[in-house]
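Each chain, letter by letter, is given below.
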Amino acid sequence: MTSHQPKYEGWLYGLAFLIALGFRLIQLGASPLTDSEARLALQALHLAQGQRPLLDPQPAYLLFTSLLFFLTQATNFTARLFPALAGSLLVLAPRLFRDRLKPLPALLLAFLLAFDPALAALSRQANGTIFALTFLLFAWGNWRNGRAIPSGIFAGLALLSGPSIWSGFLMLILPLLLLQRRTLSQAPLTNYQLRNTGFSLLSTLLLGGTLFFTIPSGLSAFFASLPAYLQGWVVPPVFSPGRVLFTFLAYEPLGIFLAVFALIRGFRLGSLRVSRLSVWLGVSLLLAVFYRQPGELVWVVIPLLILAAQELARLLDMYPEERIEVSVVAGAMLILLIYIWFNIANIALNPYEHFTPTSIAFLGRVVTLPFGPRYVVLFGAALILVVSTILVAFGWSPRTARLGMTWSFSLFLGVYTLAAAWGASGVRLPNSAELWSADQPPVHENLLVSSVQQASLLSTGNIATQPVTVVGIQSTALEWALRNHPLQVVTALDPLNPPPIVITPLVDEPSLSAAYRGQDFTWRQPIAWANIQRPDWFRWLVYRQLPRETEAIILWVRDDLFPDARQNGQP
């Protein structure tokens, strides 16, 4: 394969960055924060307000976001802004490795990073996972290019990014040990450069970890990141290894498809580069799966997409005389793939019906199938696809069949990847069941907040002055939603001092001397993992729907806050 320098390479990297920025910023604040996101956002807000809360081990996110809250306003958008920007800058990292990746694969890798569902989803989460990946790759790239000071700065920022950075170090160091390589740089740095790197790293840890000496507790959060990562191996997680692996397979089919071809070709040709990437990919996948946190799959995406970019560059290297043949084959197979997808979507409309055994007549006999007739059509279309590929290989050439099949699947899976990235960003369907977070966002947050604001406005003339009391609900997302109100979280109410606005679980009713009016809201709908059956995954694959559990809460407003009650003379 030849690799020429693409025309307008710098502009194309800029285009990739703008695409990534669009995927990560569009409706960034539309989805409510989950409990895990709100926990960090509340700590950042308290820091901006001059308080000194106990910090989680993610100082980079907490300190930088607290500064943003101090300068602007604490909203869902600003809580996720810095991760979105870091995830967008990630697409520029391949340029630091273009001498090893070659210019065209490096450029293609930038676009794959921009569209990747995992990176798009994790870049829109209010935590430091994407910080760790971006800063570590920039530190590595600058190190191997001999830029000592930027390398130290990015390494310091990576260390401040939280527990995920230790996953990154482990997934880089273990493959190097297995391959018996001792250096990550292209050329060894001089002692002067090493001193500059160390000085800039320590300076970044000291200045960035304390936000220029204004928040010393940031350093304590940094030192707690390693114990937090180690604790993640023993704490009972929400996800099982099987679910993490399914998440990887369901969101990364394009990368997996292209990487498989790259691995087959590389092992057949004895490519040392492919061997190294395969070890990196295998080790990273095993560690991520058994760590049982879907966010750690972000480290698996990098070697996967590097292999995919190399194979995609090979697909572009076609002879002019075979382009028409390959286009015809790819177009015909693409039509079959679309037909297969329509059958899958039809099954997903009512998956349980199609899993009912069905009897059909075949060669004069009645045959009972363990599934519905729609599966017969699905398997038949898949069989036609396989037979067509074989016939093209014998009729034209194996190369034409391979290129046509690879292009058709790449185009089809590319569209699927775009849809998956759009859905993982949280803007395609509200409250869809995406698998990149252990918890789901609140369902009726906007309705609840607007009701509280309306009650406050009717009683005080201001939407944010009436205090709110939360009883018996552990939800940092609820505290974040009501951050602009005087808020008190208690375990029981004082019967002699009835608060104006109370939020309780569905089964509770405030037994106070004053009368209340209540309205229930659906707050959380966690995925009911125990109730999921095999047909449910078809519905998830197409519509991102899974069985849910429902947790409802009730907003109680004291009766005398309403104008009609005051007019009737009620106390």
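Our structure's up above, just so we're on the same page.
What you are looking at is a predicted structure, and each value in this text was computed from that prediction instead of being measured.

Colleague: Honestly, the nonpolar core in this entry has me stumped. Any pointers?
Modeller: General note: in soluble globular proteins, nonpolar side chains tend to be found buried as a group. Counting residues in hydrophobic clusters, the biggest one holds 153 residues, and the most contacted among them are Leu133, Trp480 and Ile503. When residues of this core are assigned to their parent elements, the largest contribution, 14 residues, is made by helix H17 (residues 298-315). Other than its neighbours up to four places away in sequence, tryptophan 480 contacts Leu33, Ala38, Ala41, Leu42, Leu45, Phe69, Ala74, Thr75, Asn76 and Ala79. By size, the runner-up hydrophobic cluster in this structure holds 6 residues, among which are Val471, Val502, Tyr516 and Ile554.

Colleague: How do you make sense of the pattern of salt bridges when you look at a structure like this?
Modeller: In a structure, side chains of opposite charge can pair up when their charged atoms sit close to one another. Scanning the entire structure with this criterion turns up 12 salt bridges. For aspartate 559, the salt bridge identified is with arginine 517, shortest N-O distance 2.4 Å. You can see aspartate 559 sitting in the loop between strand E7 (551-558) and helix H25 (563-567) and its partner arginine 517 sitting in strand E6 (residues 516-524), a full 42 residues away along the chain. By relative accessible area, aspartate 559 is classed as buried at 11%. Owing to a relative accessible area of 32%, arginine 517 belongs among the partly exposed residues under this scheme. Taken together, the shared-partner salt bridges in this structure form one network comprising Glu9, Arg95 and Arg98.

Colleague: How should helix H21 (residues 398-424) be read in this particular structure?
Modeller: For an α-helix the count is 3.6 residues per turn, leaving residues at separations of three or four pointing the same way. Compared with the 39 Å implied by 1.5 Å per residue over 27 residues, the 37 Å span of H21 between its first and last C-alpha is a close match. Positive backbone phi, approximately 85°, marks glycine 426, located one or two places after H21.

Colleague: Explain the packing of aromatic side chains here, please?
Modeller: What characterises a pair of aromatic rings is the spacing of the ring centres plus the angle enclosed by the ring planes. Across all of its chains, the model carries 24 aromatic pairs by this definition. Taking 5.3 Å as the distance between ring centres and 20° as the angle between the ring planes, the aromatic pair formed by phenylalanine 257 and phenylalanine 409 counts as stacked. You can see phenylalanine 257 sitting in helix H15 (residues 253-269) and its partner phenylalanine 409 sitting in helix H21, a full 152 residues away along the chain. Each residue in the set Phe246, Tyr251, Trp436, Trp537 and Trp540 is aromatic and connected to the rest through ring pairs, giving one cluster. Geometry around tryptophan 480 places arginine 483 over its ring, the cationic atom sitting 4.1 Å from the centre. The residue whose ring lies beneath arginine 517 is phenylalanine 562, and the NZ or CZ to ring-centre distance is 4.3 Å.

Colleague: Is there a simple way to think about the side chain of threonine 389 in this case?
Modeller: The topology assignment puts threonine 389 in helix H20 (residues 373-395). Classification of threonine 389 as buried rests on a relative accessible area of 19%.

Colleague: I keep staring at the side chain of serine 123 and nothing clicks. Help me out?
Modeller: By the secondary structure assignment, serine 123 is in helix H7 (residues 117-123). Here the side chain of serine 123 touches arginine 24 through a polar contact of 3.3 Å, side chain to side chain. Contact partners of serine 123, with chain neighbours within four places excluded, come to Arg24, Arg80, Pro83, Ala84, Gly87 and Ile130.

Colleague: Just checking my understanding: could you explain empty space enclosed by the protein for this structure?
Modeller: The method is simple in principle: a probe with the dimensions of a water molecule rolls over the atoms, and the space it marks as empty is what remains. Tallied over the entire structure, the rule returns 1 cavity of 30 Å³ or more. As for the largest cavity, its lining consists of Leu133, Leu136, Leu137, Leu172, Trp280, Trp299 and Ile302. Sorting elements by how many residues they give to the lining of the largest cavity places helix H8 (residues 129-144) first, with 3 residues. Across the lining of the largest cavity, the residue classes tally to 7 nonpolar, no polar and no charged.

Colleague: Is there a simple way to think about the environment of isoleucine 532 in this case?
Modeller: Take isoleucine 532: it is sitting in the loop between E6 and helix H24 (534-543). As a C-alpha pair, isoleucine 532 and alanine 433 span 99 residues in sequence and 12 Å in three-dimensional space. When sequence neighbours within four positions are dropped, the list of residues in contact with isoleucine 532 reads Ile527, Trp537, Leu546 and Pro547.

Colleague: Help me understand the sheet that holds strand E4 (residues 487-490), please; the structure alone is not making it clear to me.
Modeller: Across a sheet, strands are paired by hydrogen bonds formed along the backbone, either parallel or antiparallel in direction. Read across the open sheet, the 5 strands follow the order E4-E3-E5-E7-E6; overall the sheet is mixed. Each having just a single partner strand, E4 and E6 make up the two edges of the open sheet. Within the sheet, the average angular offset between the axes of one strand and its neighbour, ignoring direction, is 20°.

Colleague: Sorry, what's going on with the packing of H15 against H21 here?
Modeller: Geometry of a packed helix pair, given as the angle between the helix axes and the separation of the axes. Axis separation between H15 and H21 bottoms out at 8 Å; the angle between their running directions is 150°. One way to sum up the angle between H15 and H21 is to call them roughly antiparallel. Contacts between H15 and H21 pair Pro253, Leu254, Phe257, Leu258, Phe261 and Arg265 from the former with Arg402, Met405, Thr406, Phe409, Ser410, Leu413, Gly414, Tyr416 and Thr417 from the latter. When its residues are assigned to classes, the contact of H15 with H21 shows 9 nonpolar, 4 polar and 2 charged.

Thresholds, definitions, all that
The numbering scheme is per chain: residues are counted from 1 as the chain's sequence reads. In keeping with the model being predicted, local features are shown solely for residues with a pLDDT of at least 70 and side-chain atom pairs are shown and tallied solely at 80 or more, while totals for entire chains, interfaces and linings include all residues. Side-chain metrics rest on all non-hydrogen atoms present in the structure, leaving aside hydrogens and water. Joining through side-chain atoms within 4.5 Å is the link that ties buried Ala, Val, Leu, Ile, Met, Phe, Trp, Tyr and Cys residues into a set, and such a set is a nonpolar core. The rule is simple: take the accessible area with a 1.4 Å probe, protein chains only, and divide by the maximum for that residue type; under 20% is buried, over 50% is exposed, in between is partly exposed. Each helix is a run of DSSP H or I of at least 4 residues and each strand a run of E of at least 2, with the numbering of both proceeding from the N terminus. Note on contacts: a residue pair qualifies if any of its non-hydrogen atoms lie within 4.5 Å across the two residues. Each reported salt bridge corresponds to a side-chain nitrogen of Lys or Arg within 4 Å of a carboxyl oxygen of Asp or Glu. The span you would expect from a helix comes to 1.5 Å times its residue count less one. Pairing of aromatic rings covers Phe, Tyr and Trp, the last through its six-membered ring, and needs centres within 6.5 Å; plane angles under 30 degrees mean stacked, over 60 mean edge-to-face, and all others mean tilted. Lysine NZ or arginine CZ positioned within 6 Å of the ring centre and within 35 degrees of the ring normal marks a charge as sitting over the ring. Any pair of N or O atoms that falls within 3.5 Å is considered a polar contact. Within protein, one atom must be able to donate a hydrogen and the other to accept it, and sequence-neighbouring residues count only if both atoms are side-chain atoms. Cavities and pockets are found on a 1 Å grid laid over the protein atoms alone: a cavity is a set of points where a 1.4 Å probe fits but cannot escape, a pocket is an open set with protein on both sides within 12 Å along at least five of seven lines, and a lining residue has an atom within 4 Å of such a point. Grid points are joined across faces, edges and corners, and a volume is the space filled by probe spheres set on the points. Gly is placed with the polar residues, together with every amino acid not listed as nonpolar (Ala, Val, Leu, Ile, Met, Phe, Trp, Tyr, Cys and Pro) or charged (Asp, Glu, Lys and Arg). One requirement defines pairing of two strands: DSSP has to find at least two bridges between them. To define axes, lines are fitted to C-alpha atoms, for helices over the stretch in contact only, and angles between the resulting N-to-C directions are given on a 0 to 180 degree scale. An angle below 35 degrees is read as roughly parallel, one above 145 as roughly antiparallel, one from 65 to 115 as roughly perpendicular, and any other as oblique.

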